[in-house]
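Notes for the structure review
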Amino acid sequence: MPKYSVIVSYYAARDPLNLSRLIESLVKYPCDLSVVINADASTGPSSYTPGVKTILNNNLGMNIVAWNRGFFENLDSDFYIFLQDECYLRREDFLEHIFVRFDREQNLGIVS
(Lines give C-alpha, C1' and ligand atoms only; values in the text may rest on other atoms or scores of the structure.)
Protein backbone atom coordinates (compact mmCIF):
# COMPACT_ATOMS: atom_id res chain seq x y z
CA MET A 1 0.00 0.00 0.00
CA PRO A 2 1.32 3.46 -0.81
CA LYS A 3 2.33 5.82 1.93
CA TYR A 4 -0.23 8.52 2.56
CA SER A 5 -0.75 11.48 4.82
CA VAL A 6 -4.04 12.74 6.17
CA ILE A 7 -3.84 16.42 7.00
CA VAL A 8 -6.64 17.97 9.02
CA SER A 9 -7.12 21.71 9.28
CA TYR A 10 -8.60 22.95 12.54
CA TYR A 11 -9.45 26.50 13.65
CA ALA A 12 -8.65 26.78 17.37
CA ALA A 13 -11.57 29.10 18.15
CA ARG A 14 -14.03 26.29 17.34
CA ASP A 15 -15.25 23.63 19.72
CA PRO A 16 -12.85 20.65 19.43
CA LEU A 17 -15.66 18.03 19.51
CA ASN A 18 -15.75 17.51 15.72
CA LEU A 19 -11.97 17.34 15.59
CA SER A 20 -11.90 14.70 18.33
CA ARG A 21 -14.51 12.60 16.51
CA LEU A 22 -12.63 12.81 13.23
CA ILE A 23 -9.31 11.88 14.82
CA GLU A 24 -10.91 8.97 16.63
CA SER A 25 -12.17 7.61 13.31
CA LEU A 26 -8.81 8.15 11.52
CA VAL A 27 -6.27 6.78 14.01
CA LYS A 28 -7.05 3.17 13.04
CA TYR A 29 -5.75 3.70 9.50
CA PRO A 30 -2.04 3.21 8.66
CA CYS A 31 -1.38 6.81 7.69
CA ASP A 32 0.67 9.76 8.79
CA LEU A 33 -1.99 11.81 10.54
CA SER A 34 -1.31 15.50 11.14
CA VAL A 35 -3.54 18.22 12.54
CA VAL A 36 -2.68 21.77 11.59
CA ILE A 37 -4.14 24.11 14.19
CA ASN A 38 -4.86 27.61 12.95
CA ALA A 39 -4.45 29.73 16.05
CA ASP A 40 -2.65 32.63 17.63
CA ALA A 41 0.69 32.16 19.37
CA SER A 42 -0.87 31.60 22.82
CA THR A 43 -2.67 28.37 21.79
CA GLY A 44 -1.01 25.12 22.82
CA PRO A 45 -1.57 22.19 20.44
CA SER A 46 -1.39 19.28 22.88
CA SER A 47 -4.79 19.90 24.44
CA TYR A 48 -6.56 19.29 21.11
CA THR A 49 -4.85 16.22 19.71
CA PRO A 50 -3.00 14.10 22.25
CA GLY A 51 -0.86 11.46 20.53
CA VAL A 52 -1.29 12.93 17.03
CA LYS A 53 1.28 15.03 15.18
CA THR A 54 0.20 18.63 15.56
CA ILE A 55 1.46 21.69 13.79
CA LEU A 56 0.64 25.10 15.20
CA ASN A 57 0.02 27.50 12.33
CA ASN A 58 -0.47 31.25 12.36
CA ASN A 59 -4.12 31.87 11.55
CA LEU A 60 -3.59 33.37 8.11
CA GLY A 61 -5.20 32.03 4.96
CA MET A 62 -7.61 29.58 6.60
CA ASN A 63 -7.75 25.93 5.45
CA ILE A 64 -5.69 26.22 2.28
CA VAL A 65 -2.68 27.63 4.12
CA ALA A 66 -3.00 25.02 6.87
CA TRP A 67 -3.14 22.19 4.32
CA ASN A 68 -0.16 23.65 2.51
CA ARG A 69 1.79 23.74 5.77
CA GLY A 70 0.82 20.13 6.50
CA PHE A 71 1.87 19.11 3.00
CA PHE A 72 5.33 20.61 3.42
CA GLU A 73 5.70 18.86 6.79
CA ASN A 74 4.97 15.47 5.12
CA LEU A 75 6.80 15.56 1.79
CA ASP A 76 7.63 11.85 1.80
CA SER A 77 4.07 10.61 1.16
CA ASP A 78 2.71 9.23 -2.11
CA PHE A 79 -0.84 10.49 -1.53
CA TYR A 80 -2.37 13.29 0.52
CA ILE A 81 -5.85 13.54 1.94
CA PHE A 82 -6.86 17.01 3.08
CA LEU A 83 -9.76 17.35 5.50
CA GLN A 84 -11.13 19.96 7.86
CA ASP A 85 -12.31 19.18 11.36
CA GLU A 86 -15.96 19.30 10.32
CA CYS A 87 -15.54 16.27 8.03
CA TYR A 88 -16.61 12.79 9.00
CA LEU A 89 -16.11 9.38 7.41
CA ARG A 90 -19.21 7.94 5.79
CA ARG A 91 -17.65 4.56 5.04
CA GLU A 92 -14.97 2.47 6.67
CA ASP A 93 -13.38 1.61 3.31
CA PHE A 94 -13.03 5.17 2.07
CA LEU A 95 -9.28 4.78 1.43
CA GLU A 96 -9.73 1.75 -0.81
CA HIS A 97 -12.18 3.71 -2.93
CA ILE A 98 -9.77 6.62 -3.27
CA PHE A 99 -6.91 4.33 -4.35
CA VAL A 100 -9.13 2.41 -6.80
CA ARG A 101 -10.14 5.70 -8.39
CA PHE A 102 -6.52 6.80 -8.78
CA ASP A 103 -5.57 3.41 -10.24
CA ARG A 104 -8.41 3.61 -12.78
CA GLU A 105 -7.58 7.12 -13.93
CA GLN A 106 -3.82 7.55 -14.10
CA ASN A 107 -4.01 11.24 -15.04
CA LEU A 108 -6.23 12.08 -12.08
CA GLY A 109 -4.72 14.59 -9.69
CA ILE A 110 -7.41 15.25 -7.11
CA VAL A 111 -10.59 13.62 -5.81
CA SER A 112 -13.06 15.62 -3.77
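Residues numbered from 1 in each chain as written. Predicted model: local features only at pLDDT ≥ 70, side-chain atom pairs only at ≥ 80, totals over all residues. Heavy atoms only, no water.

**Notes on the overall build of the protein**
Let me state the cut-off plainly: Secondary structure elements follow DSSP: runs of H or I of four or more residues count as helices, runs of E of two or more count as strands, with numbering from the N terminus. When accessible area is computed with a 1.4 Å probe and restricted to protein chains, residues below 20% of their type maximum are described as buried, those above 50% as exposed, and intermediate ones as partly exposed. Should any heavy atoms of two residues lie within 4.5 Å, those residues are considered in contact. For accessible areas, the Shrake-Rupley method is used with a probe of radius 1.4 Å. Any residue's cover is judged against the shown protein chains and nothing else.
Across its full length, the protein holds three helices and four strands. Listing every helix and strand of the protein by position from the N terminus yields β-α-β-β-α-β-α. Per-residue burial for the protein yields a buried fraction of 37% across its 112 residues. Put simply, 62% of the contacts in the protein that link residues at least 6 apart link residues at least 24 apart. On the protein, roughly 7,000 Å² of surface is accessible, and the fraction owed to carbon and sulfur atoms is 53%.

**Some details on the nonpolar core**
So the rule is basically this: We call a set of buried Ala, Val, Leu, Ile, Met, Phe, Trp, Tyr and Cys residues a nonpolar core when their side-chain atoms join them within 4.5 Å.
In this structure, Y4, V6, V8, L26, L33, V35 and I81 are the most contacted members of the largest nonpolar core, which totals 23 residues. When contributions to this core are tallied by element, the ones reaching two or more residues are β1 (4-11), α1 (17-26), β2 (32-39), β4 (79-84) and α3 (94-104). No other element matches the five residues that α3 contributes to this core. Residues within four places of V6 in sequence aside, it is in contact with L26, C31, D32, L33, S34, I81 and L83. I7, V36, A66 and W67 belong to the second largest nonpolar core, which has five residues in total.

**Re the pairing of β1**
As a reminder, the rule being used: Whether two strands pair depends on DSSP finding at least two bridges between them. Here, the term right-handed applies to a crossover whose path from the first strand over the helix to the second runs clockwise when the strands point away from the viewer.
With respect to burial, β1 is a largely interior element, seven of its eight residues being buried. In this structure, β1 lies alongside β4, joined through six bridges in parallel fashion. When the sheet's bridge partners are listed, V6 is paired in β4 with I81. As paired elements, β1 and β2 share seven bridges and run parallel to each other. Following the sheet pairing, S9 is matched in β2 by V36. Crossover handedness for the path β1 to α1 to β2: right-handed.

**What about the environment of P2?**
Among the structural elements, P2 can be located in the segment before β1. Each C-alpha atom, one on P2 and one on F79, is 7.4 Å from the other, the two residues being 77 residues apart in sequence. Those residues within four positions of P2 in sequence are excluded, and the remaining contacts are D78, F79 and F99.

**Focus on the sheet that holds β4**
Here is the rule we go by: Angles here are taken between N-to-C directions and fall from 0 to 180 degrees, while the axes themselves are lines fitted to C-alpha atoms, restricted in helices to the stretch in contact.
Here we have four strands laid out as an open sheet, ordered β3-β2-β1-β4, and parallel in their pairing. Single-partner strands in this sheet number two, and they are β3 (53-58) and β4. Put simply, the sheet's adjacent strands are angled 25 degrees from each other on average, direction ignored. The sheet contacts of helix α2 (residues 62-72) involve β1, β2, β3 and β4, and relative to β1 the element is tilted by about 145 degrees.

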